[in-house]
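One letter stands for each residue in the lines below.
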Amino acid sequence: MGQPKTEEPRASLLIKERHDDVLVARMNRPERMNALGGGLREALNAAWFEFRDDPQLKVMILTGTGERAFCTGNDLRESDERARELGAQSAQALLEAQRTDHIVASITTNNLHLYKPVIAAINGWCLAGGCEMALGCDLRIVESHARMGLPEVKRGMGAKATTHKLYYLTHLAAGLELEWTGDPISATRALELGLANEVVPTGRSVERALEIAREMCRRPLDYLRYHKERVFQSLGVPLAYALAMDQRCPPHEGTAYLAGLEASLASGLPGWSGGS
């Protein structure tokens, strides 16, 4: 692997680095604990589409700058300042208009149909919308000092789309506990519940995510897309129907399968030997 290519200057809200087939996106508002404000949300939306549509990119890693926070959700201070500027009634009317006038691209609900792997490298506080965004990723590598939680209930708000995904990642009792108490949990507890795939020492989440991403990049992009899309499409459907989905565009009809078969035969081993 060569040296990463940094596309934006340090002052950017979202610092993007290309490590060959891997895109690392760093939310860069450390003074606001990488809260989603100041244009960061829009920068993330653009990055997701950029990653989705670039055939050279196979895996994306999402993280935050600094050691304090991955992302703490919506920038409440900015929202409050906006409400004071407009007046509470006008600000609420604007919020409702934004909710009904257009569909916002979201990695949490995957309404942008992103079927490539996305890894969250959680380097600190991961709360509210930041936690929902992390749970919208496919894998989560969590640093030992990090905390994850959905505190919206303490403000009389709901956790929206992530409510349903919690029950797939954990179990009913754990999901209800997280939503009803609003208390953050440790990295170790997140691992026990299935919200984290791995816990690493402080400062190592991106490094470990890159190790995993590079291994993934040894696989054909068609396979990465195929398996993620099938998983998303089969959630909640009867098993017989889910199995029938595999008959559509089966991967063994592609050129990658033939190349892998040739490599396996050349190795002299009875099974697949790996590689791309």
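Residues numbered from 1 in each chain as written. Predicted model: local features only at pLDDT ≥ 70, side-chain atom pairs only at ≥ 80, totals over all residues. Heavy atoms only, no water.

Here's the deal with the pairing of strand S3 (residues 22-27)
- Of all six residues making up S3, five are buried, and the element is well covered by its neighbours.
- One ladder, built from six bridges, connects strand S2 (residues 14-19) with S3; its direction is antiparallel. In the sheet register, lysine 16 faces S3, and the bridge partner there is alanine 25.
- Pairing analysis gives six bridges linking S3 to strand S4 (residues 59-64), with the strands arranged parallel. In the strand pairing of S4, valine 24 is matched with isoleucine 61.
- Handedness of the β-α-β unit built from S3, helix H1 (residues 40-53) and S4 comes out right-handed. (Buried < 20%, exposed > 50% of the residue type's maximum accessible area, 1.4 Å probe, protein only. Helix = DSSP H or I, 4+ residues; strand = E, 2+ residues; numbered from the N terminus. Pairing = 2+ DSSP bridges. Right-handed = clockwise from strand over helix to strand, strands pointing away.)

Here's the deal with the sheet that holds strand S10 (residues 185-186)
- Reading across the sheet, the four strands line up as S5-S7-S9-S10 and stay open at both edges, with mixed pairing between neighbours. Here the strands that pair on one side only, and so sit at the sheet edges, are strand S5 (69-71) and S10.

Thoughts on helix H6 (residues 172-181)
- For H6, the complete set of buried residues consists of Ala174, Gly175, Leu178 and Glu179. Taken down its axis, H6 places every buried residue within 125° of arc, on the same side. In this structure, H6 carries Leu172, Ala173 and Trp180 as exposed residues pointing more than 90 degrees from its buried face.
- Buried-residue contacts for H6 involve helix H5 (162-169), S10 and helix H7 (187-193).
- Directly beyond the C-terminal end of H6, a positive phi value near 70° is found at glycine 182. (Arc of directions from axis to C-beta. Contact = heavy atoms within 4.5 Å.)

Quick look at the confidence of the model for the protein chain
- Model confidence for the protein chain is summarised by a mean pLDDT of 83, while 75% of its residues fall at 70 or above.
- For residues 272-276, every residue scores under 50 in pLDDT, and the model assigns this stretch 13 contacts once sequence neighbours within four places are set aside. (pLDDT = per-residue confidence, 0-100.)

A closer look at the side chain of lysine 116
- Its place among the elements puts lysine 116 in the loop between helix H3 (88-101) and strand S6 (118-122).
- With no salt bridge to any partner, buried lysine 116 finds its closest opposite charge in aspartate 54, at an N-O distance of 5.9 Å.
- If we ignore the near neighbours within four places in the chain, the residues touching lysine 116 are Phe51, Arg52, Asp54, Leu57, Lys58, Asp138, Leu221, Arg225 and Lys228. (Lys, Arg positive; Asp, Glu negative; His and termini not counted. Salt bridge = Lys/Arg side-chain N within 4 Å of Asp/Glu carboxyl O.)

Looking at the packing of aromatic side chains
- Following the criterion strictly, the structure yields one aromatic pair and no others.
- Lysine 116 extends its terminal NZ or CZ atom over the ring of phenylalanine 51, reaching a point 4.9 Å from the ring centre. (Phe/Tyr/Trp six-rings, centres within 6.5 Å; stacked < 30°, edge-to-face > 60°. Lys NZ or Arg CZ within 6 Å of the ring centre and 35° of its normal.)

Re unusual backbone geometry
- In the Ramachandran plot, aspartate 20 falls in the positive-phi region, its phi being about 55° despite a non-glycine side chain.
- Assignment of secondary structure puts aspartate 20 in the loop between S2 and S3.
- Unlike most non-glycine residues, asparagine 34 shows phi in positive territory, near 55°.
- The topology assignment puts asparagine 34 in the loop between S3 and H1.
- Take asparagine 34: its relative accessible area is 0%, and that puts it in the buried class.

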